[in-house]
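Survey of secondary and tertiary structure
Residues per chain, in single letters:
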Amino acid sequence: MSHDPDDEIAKAREYVALNRGAEAIQLLTRVLSAHPDAAGEVHLVLASAHSVLQQSEAGVAAARRAVAELPDDPRAHFMLGSLLGEANRPRRALARLDHSLTLDPHYVDAHQRRALVLRDLQRHREGEQAARKAIELA
């Protein structure tokens, strides 16, 4: 394993992009053990890895840890909101996505995911506005 946790986290992100979530989790577990100071980024990628493996509860738990470690990082709140949406908890998902947008109003992915959650909540007009904002920013 590389001595640079950033390199290993980047490699885990590549695994996630390649739909190799189990390999990402193994790598990230080693990184977390060797570099506890990298916990926020590790848990953020762990959440994605669990999502790829359709392990929604494990993904939500990892995303919650990422939020705890990175409370001012809009990516952490976005990830938690996304995974809560996947876990059929749209109201909680919306709250996390809204918080992500409070931290970064130009976060295109958060606007896009917010549109989907609003659709799930049958709030179509607001969903359309969120989708239009995502398109405008993209």
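Our structure is the block above this text.
Residue numbers run consecutively from 1 along every chain, following the written order of its sequence. Since the coordinates come from a predicted model, pLDDT governs what is reported: local features require at least 70, and pairs of side-chain atoms require 80 or more to be given and counted, while whole-chain, interface and lining totals use all residues. The side-chain numbers reported here are obtained from all heavy atoms of the structure, hydrogens and water having been left aside.

1. Some remarks on the packing of helix H5 (residues 74-86) against helix H6 (residues 90-103)
Angles shown run from 0 to 180 degrees and are taken between the N-to-C directions of axes, each axis being a line fitted to C-alpha atoms and, for helices, limited to the stretch in contact. Numbering of helices and strands runs from the N terminus, with a helix taken as a DSSP run of H or I at least four residues long and a strand as a DSSP run of E at least two residues long. Where H5 contacts H6, the two axes come as close as 8 Å, and the packing angle between them is 160°. Viewed along their axes, H5 and H6 adopt a mutual orientation that is roughly antiparallel. The crossing of H5 and H6 is left-handed. On the side of H5, the interface is formed by Pro74, His77, Phe78, Leu80, Gly81, Ser82, Leu84 and Gly85, while H6 contributes Arg92, Ala93, Arg96, Leu97, His99, Ser100 and Leu103. Looking at side-chain class alone, the contact of H5 with H6 contains seven nonpolar, six polar and two charged residues. Each angle is binned into one of four classes, with values under 35 degrees roughly parallel, values over 145 roughly antiparallel, values of 65 to 115 roughly perpendicular, and all other values oblique. It is the rotation of the near helix from the far one that decides the hand of a crossing: anticlockwise by less than a right angle makes it left-handed, clockwise makes it right-handed. What makes two residues a contact is simply this: any of their non-hydrogen atoms within 4.5 Å. Note on residue classes: Ala, Val, Leu, Ile, Met, Phe, Trp, Tyr, Cys and Pro are nonpolar, Asp, Glu, Lys and Arg are charged, and everything else, Gly too, is polar.

2. A few points about the packing of aromatic side chains
To describe a pair of aromatic rings, you give the distance between the ring centres and the angle between the ring planes. Geometry of aromatic contacts follows a simple scheme: Phe, Tyr and Trp rings, the Trp one being its six-membered ring, pair when their centres are within 6.5 Å, and the pair is stacked under 30 degrees between planes, edge-to-face over 60, tilted otherwise. Taken as a whole and assessed by the stated rule, the structure comprises one aromatic pair. Aromatic side chains Phe78 and Tyr107 sit 5.1 Å apart centroid to centroid with 40° between the ring planes, which places their arrangement in the tilted category. You can see Phe78 sitting in helix H5 and its partner Tyr107 sitting in the loop between H6 and helix H7 (108-120), a full 29 residues away along the chain. Any residue under 20% of the maximum accessible area for its type is buried, any over 50% is exposed, and the rest in between are partly exposed; the area is computed with a 1.4 Å probe on protein chains only. On the basis of relative accessible area, Tyr107 is assigned to the buried category, the value being 14%.

3. Let's talk about the nonpolar core
Grouped together as the largest cluster of nonpolar side chains are 40 residues, with contacts concentrated most on Ile9, Leu28 and Val42. Of all the elements in the fold, those that place two or more residues in this core are helix H1 (5-17), helix H2 (21-34), helix H3 (39-52), helix H4 (56-69), H5, H6 and H7. Not counting residues up to four positions away in its chain, the partners in contact with Ile9 are Leu28, Val31, Ala38, Glu41, Val42 and Val45. In this text, buried Ala, Val, Leu, Ile, Met, Phe, Trp, Tyr and Cys residues form a nonpolar core when linked through side-chain atoms within 4.5 Å.

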